[in-house]
Amino acid sequence: MKVSVLKKIIFFALFIGSATSSFGQNKILSQNAKVSLLTCGTGNESYSLFGHTAIRITDTEHFIDLVYNYGAFDFNTPNFVAKFTKGDLQYFAVAHPFSDFMNEYSYERRSVYEQELNIPYALKQKLFDNLNTSLASGESHYTYKFIDKNCTSMVVDIINKTLDTVAIVKNTDTHITYRTILYPYFDGHFYEQLGTSIIFGKKVDQLGTKIFLPFELLKSLKKVQYNNQLLAQENKTLLEFNETPPSSWWNNCLSYLLFLIAIVIVNRQFTNQLYLFTMGVLGLFFLAVGFYSSHLELVYNYNVLLFNPGALALLYFCYRKNKKWIYALSLFNLAALVVYLFILINKAHLLIVLPMVVTSGVLLVRLLIANRRTSIVVQR
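This structure is a prediction, so every number in the text was calculated from the model and none was measured.

## Here we look at the overall build of the chain
Each helix and strand counted, the chain has 13 helices and 9 strands in total. Burial analysis of the chain (380 residues in total) assigns 49% to the buried set. Look at the contacts in the chain between residues 6 or more apart in sequence, and 79% of them connect residues 24 or more apart. For the chain, the accessible surface area stands at approximately 19200 Å², while carbon and sulfur atoms represent 62% of it. When the 34 basic and 25 acidic side-chain charges of the chain are each reduced to a single mean position, those positions are 17 Å apart.

Spelled out as structure tokens, the structure:
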């Protein structure tokens with residue numbers, strides 16, 4: 001969830017007014033106070049594709065109804081894109097009045113589900129204190145990591161800290177990879193799915209044993225026990241919308257396939273070389289980001305075997321019309337594609353990148369055939 005500097009200022013005013021007493025101590029909750037987890041539906045913006053998690057503290061006797069949200073960031077941060085790519089963008093927590101929180105999700109037409117926690121009063125007070133201390137001290141600021149540190153994992157951490165045990169653990173879909181877990185969230189967002197598939201490396205092919213998405217937490221809480229009882233009550237629907245995938249005339253598999261088929265059929269030198277140039281440049285970008293970024297999801301990216309920087313060397317020798325090196329580098333790039341296919345056999349993104357593998361393969365084979373005779377003559 002994005003938040004402006006103004007909202008951050010509003011939070012501090014809210015915090016001072018509703019979470020502290022005249023002596024500067026945390027407000028004491030009543031015995032009827034409730035603590036619950038809010039799971040919010042997916043949106044169409046890139047930052048909202050996977051939903052959202054927050055904590056709600058309700059105490060009608062003291063007129064408290066606050067939502068603590070660990071997914072806030074400031075678009076006005078200097079060098080925002082560079083910091084996000086590098087992996088040192090600071091996220092932070094804010095507290096919203098529950099009514100404002102619900103108005104925002106109602107406006108965005110995103111569902112909201114609530115799970116009340118079955119914990120004793122003392123732990124409710126402890127969690128409330130921990131949340132307010134975290135906000136006031138700046139502990140709520142954290143460096144965002146896609147899998148390891150996000151709005152959902154931060155909520156899990158502070159609840160486990162309050163319970164003084166690792167009560168909330170992943171107990172669903174632990175037999176499939178993070179990449180496979182992510183795929184259903186891209187319905188109606190084909191190119192976002194494609195982009196995620198090719199920029200993420202080896203880490204997302206690990207088994208998804210950590211809770212990192214809101215709906216994973218929601219499902220896991222249905223089975224988590226604490227003090228010999230379920231930690232969370234049954235889901236309560238606060239808002240529900242028919243979250244049908246958006247339709248687009250271009251953001252779909254058909255436009256992707258038509259584009260690649262056109263390159264193969266047209267078979268012009270300019271389009272072929274532009275395609276290979278784009279693949280090579282993207283490969284260089286993936287390599288650079290892998291070294292530059294602190295996001296572990298971006299390192300060890302074997303997709304560079306498809307987006308091969310060697311294509312740039314191949315284009316150089318095409319420009320020089322050096323058929324011997326064109327033949328050798330075409331063979332090298334084709335061998336990289338074969339290795340890539342073997343790596344991809346059991347991966348979730350095999351089908352989505354396969355059309356690019358075929359397109360690259362066809363172009364490289366054509367270069368091999370066109371330059372094979374000259375290469376053989378030179379070798380003799």
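From this point on, the discussion continues.
## Side note on the layout of surface pockets
A volume near 500 Å³ is recorded for the second largest pocket. Forming the walls of the second largest pocket are 21 residues, and the residues nearest its centre are Thr-42, Gly-43, Asn-44, Glu-243 and Thr-244. Residues that form the lining of the second largest pocket fall into these classes: 7 nonpolar, 7 polar and 7 charged.

## Examining the sheet that holds strand E3 (residues 64–72)
Backbone-to-backbone hydrogen bonds join strands into a sheet, with any given pair of strands oriented parallel or antiparallel. Taken in spatial order, the 7 strands of this open sheet run E6-E4-E3-E2-E1-E5-E9, and their pairing is antiparallel. Bordering the open sheet on either side are strand E6 (142–143) and strand E9 (236–239), each of which pairs with just one other strand. Pairing of strand E4 (residues 90–97) with E6 involves 2 bridges; the strand directions are antiparallel. In the strand pairing of E6, Gln-90 is matched with Thr-143. Sitting on the sheet, helix H4 (residues 121–137) is in contact with strand E1 (34–40), strand E2 (52–59), E3 and E4, with an inclination near 50° to E3.

## Re the confidence of the model for the chain
Per-residue pLDDT for the chain averages 89, and the proportion of residues at 70 or more is 91%. Between residues 1–24, whose pLDDT stays under 50, and residues either more than four places distant or in other chains, the model counts 46 contacts.

## Here's the deal with empty space enclosed by the protein
Counting across every chain of the model gives 2 cavities of 30 Å³ or more. Its boundaries defined by the atoms lining it, the largest cavity holds a volume of some 70 Å³. What lines the largest cavity is Leu-276, Met-279, Leu-305, Leu-306, Asn-308, Ala-311, Asn-333, Leu-337, Ser-360 and Leu-364. Mapped onto the lining of the largest cavity, the elements with two or more residues apiece are helix H10 (269–292), helix H12 (323–344) and helix H13 (350–379).

## A look at the packing of aromatic side chains
Tallied over the full model, the rule gives 19 aromatic pairs. Between Tyr-91 and Tyr-144 the ring centres are 4.6 Å apart and the planes differ by 20°, which places this aromatic pair in the stacked class. One end of the pair, Tyr-91, is in strand E4; the other, Tyr-144, is in the loop between E6 and helix H5 (151–163), and 53 residues separate them in sequence. Relative accessible area serves as the criterion here: at 14%, Tyr-144 is assigned to the buried category. Centre to centre, the rings of Phe-190 and Tyr-191 are 5.2 Å apart; their planes meet at 80°, and the pair counts as edge-to-face. The partly exposed category is assigned to Tyr-191, whose relative accessible area is 26%. Ring pairing ties together the aromatic residues Phe-50, Phe-146, Tyr-178, Tyr-185, Phe-186, Phe-200 and Phe-212, which thus form one cluster. Here the basic side chain of Arg-56 rests over the ring of Phe-98, its NZ or CZ set 3.5 Å away from the ring centre.

## Here's the deal with unusual backbone geometry
Peptide bonds are mostly trans, and most non-glycine residues show a negative phi. The residue Phe-63 is not glycine, and still its phi comes out positive at about 55°. One non-glycine residue with positive phi stands out, namely Asn-228, at about 65°. Tracing the sequence through the fold places Asn-228 in the loop between strand E7 (225–226) and strand E8 (229–230).

Parameters and conventions
Residues numbered from 1 in each chain as written. Predicted model: local features only at pLDDT ≥ 70, side-chain atom pairs only at ≥ 80, totals over all residues. Heavy atoms only, no water. Helix = DSSP H or I, 4+ residues; strand = E, 2+ residues; numbered from the N terminus. Buried < 20%, exposed > 50% of the residue type's maximum accessible area, 1.4 Å probe, protein only. Contact = heavy atoms within 4.5 Å. Areas by Shrake-Rupley, 256 points an atom, 1.4 Å probe, with all protein chains shown as cover. Lys, Arg positive; Asp, Glu negative; His and termini not counted. Charge placed at Lys NZ, Arg CZ, Asp CG, Glu CD. 1 Å grid on protein atoms, 1.4 Å probe; cavity = no way out; pocket = protein on both sides within 12 Å on 5 of 7 lines; lining within 4 Å. Points joined across faces, edges and corners; volume = space filled by probe spheres on them. Nonpolar A, V, L, I, M, F, W, Y, C, P; charged D, E, K, R; others polar. Pairing = 2+ DSSP bridges. Axes fitted to C-alpha atoms, helices over the stretch in contact; angles between N-to-C directions. pLDDT = per-residue confidence, 0-100. Phe/Tyr/Trp six-rings, centres within 6.5 Å; stacked < 30°, edge-to-face > 60°. Lys NZ or Arg CZ within 6 Å of the ring centre and 35° of its normal.

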